[in-house]
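Examination of the molecular architecture
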Amino acid sequence: MDARPVPQVTITPDGCGTSREVQQEDWEDAPNGPLRRKLSNSSISSTGSSAVESEDDLLSDSESKSKGLITLEHLVEVEDTRPPWWKLKTIVQWPFSATQRRKVSWVQLAGHKGNFKAADEGTILKKFSENEMQAFEKLRDDSLLPFVPGYHGIVEKDGESYLRMTDLLASFNLPNVMDCKMGVRTYLEEELVRAREKPKPREDLYKKMVEVDSEGPTPEEHSQRGVTKPRYMQWRETMSSTNTMGFRIEGIKHSDGTCRTDFKKTRSKQDVIQVFQTFVGGNIGIIKSYLSRLIKIQTALKMSEFFKRHEVIGSSLLFIHDHTDNAEVWIIDFGKTTALPEGQTLSHNIPWQEGNREDGYLWGLENLIQTLESVSSEATCEDTFGMVIKENKQSTARGDK
């Protein structure tokens, strides 16, 4: 009988410049305790819900990031004989031999400690969020249902409540993954109001600002080595294409395990086009599949009653493709999606002014579609040019005149 596949695993070093897959020697002592390795704090979504939440979440005073350490969650007892392997949200597959599977009974859980756990094959558990649960319940009868992760109810595990969701990577083989954060802001209006109540300069936010742009802080902020939360929240959005295009690239993970998250200053359309070109590798089929899916999502959003009646903040579009040209786009992350007061609706495509709660989602999606159309056009031109060069070389070789 063939052995069942082991859940896929990726370990990413700080800085996320490169990634390495788990090596056999890493697992030698696994039965004696949890395997811990470093993971970039800015790792990206990979399952239909963010594994490691974006920099937005550092603004929470009660944040509980794992400081770069991953604790591998115990899934099955070593004594069990060939139990079903629970599949977890993942990036890079590393096949284990039967002997290694017997030795290793731990599977990586990335991100905020305790945010995700493994579930039955093809699903994952995400830590309970009232906002996200309500969103999934309302989406059951909405036009957006085909474009969001499957929701399978609430699960109690280890004394905690979790949302059970479909693992969006289950049908892919060594996928390439991109997370695009949608909208013109990634904070709720109420977060900005709360932040103004106690605008205390924070050194951690100052360091974050300087890391991205050494000239970002004002002379006063430099002297006090502190930046207030409201100031940082609004400054941050001006640095990326969130401000110029209504979306930003959070990060990319390639099938070879390498990843990039250095997009905080990627603002111009041409820069974004270049990132997408690299991501799809010039594959016209994948580009067209993404475009087709985005246009369907756009149509569904315009029809959606849910979308009209909610402020959609911090949500992402997750792009996934693999070497078989299988390609999908999913709407993920509803933790900050908030219902509007009764009778109020949003257009999602007009400028945000504090108080109107507009999020710019549709404006960003239109720009995203135009970006992919530009990528498609340039790839088509390159293919045509390449064919002409090839024909000319063949003609020259034959001695045609």
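Residues numbered from 1 in each chain as written. Predicted model: local features only at pLDDT ≥ 70, side-chain atom pairs only at ≥ 80, totals over all residues. Heavy atoms only, no water.

**What about the packing of aromatic side chains?**
One pass over the structure, following the stated rule, counts nine aromatic pairs. Note on Tyr187 and Trp352: the rings are 6.1 Å apart at their centroids and 80° apart in plane angle, and the pair reads as edge-to-face. With a gap of 165 residues between them, Tyr187 in the loop between strand 8 (176-182) and helix 3 (189-197) and Trp352 in the loop between strand 14 (338-339) and helix 11 (361-398) connect regions that are remote in the sequence. Judged by relative accessible area, Trp352 falls into the partly exposed class, the value being 22%. Ring centres 5.0 Å apart and planes at 85° place the aromatic pair Tyr290 and Phe319 in the edge-to-face group. You can see Tyr290 sitting in helix 9 (residues 284-303) and its partner Phe319 sitting in strand 12 (residues 316-321), a full 29 residues away along the chain. The same class applies to Tyr290 as to Phe319, namely buried. (Phe/Tyr/Trp six-rings, centres within 6.5 Å; stacked < 30°, edge-to-face > 60°. Helix = DSSP H or I, 4+ residues; strand = E, 2+ residues; numbered from the N terminus. Buried < 20%, exposed > 50% of the residue type's maximum accessible area, 1.4 Å probe, protein only.)

**Notes on the sheet that holds strand 8**
As summarised here, the arrangement of the five strands in space is 10-9-8-12-13, forming an open sheet in which the pairing is antiparallel. At either end of the open sheet lies a strand with only one pairing partner, and these are strand 10 (259-260) and strand 13 (327-332). Here strand 12 runs beside strand 13; their pairing, made up of six bridges, is antiparallel. Paired with Leu317 across the two strands is Ile331, which belongs to strand 13. Running at roughly 35° to strand 13, helix 9 makes contact with strand 12 and strand 13 of the sheet. (Pairing = 2+ DSSP bridges. Contact = heavy atoms within 4.5 Å. Axes fitted to C-alpha atoms, helices over the stretch in contact; angles between N-to-C directions.)

**Considering the sheet that holds strand 7 (residues 160-166)**
Taking strand neighbours across the sheet as the criterion, the four strands line up as 4-5-7-6 in an open arrangement whose pairing is antiparallel. Each edge of the open sheet carries a strand with a single partner, namely strand 4 (116-118) and strand 6 (151-157). Averaged over all neighbouring strand pairs, the angle between strand axes comes to 35°, with direction disregarded. Across five bridges, the pairing between strand 5 (residues 123-127) and strand 7 is antiparallel. Of the residues in strand 7, the one forming a bridge with Lys126 is Leu163.

**Quick notes on helix 4 (residues 203-212)**
Here helix 4 has its buried residues at Leu205, Tyr206, Met209 and Val212. For helix 4, the arc enclosing every buried residue in end-on projection is 130°, short of the 170-degree limit, so these residues lie on one face. Against helix 5 (219-224) and helix 6 (229-239) lie the buried residues of helix 4. (Arc of directions from axis to C-beta.)

**Brief notes about the pattern of salt bridges**
The final tally for this structure, using the stated rule, is 21 salt bridges. Here Arg185 ties to Glu311 by a salt bridge, and the two come within 2.8 Å at their closest N and O atoms. Placement of Arg185 in the loop between strand 8 and helix 3 and of Glu311 in strand 11 (residues 310-311) is noted, with a sequence separation of 126 residues between them. Looking at Glu311, the relative accessible area reads 2%, which means it is buried. Measuring nitrogen to oxygen at the nearest pair gives 3.7 Å for the salt bridge that ties Arg225 to Glu203. Taken together, the residues span a long stretch of sequence, with Arg225 in the loop between helix 5 and helix 6 and Glu203 in helix 4 at a distance of 22 residues. Residue classification places Arg225 among the partly exposed positions, given a relative accessible area of 41%. Here the residues in one salt-bridge network are Arg236, Glu237, Arg248 and Glu250, joined through shared partners. (Salt bridge = Lys/Arg side-chain N within 4 Å of Asp/Glu carboxyl O.)

It is worth stressing that arrangement in space is one thing and function is another; only the former is reported here.
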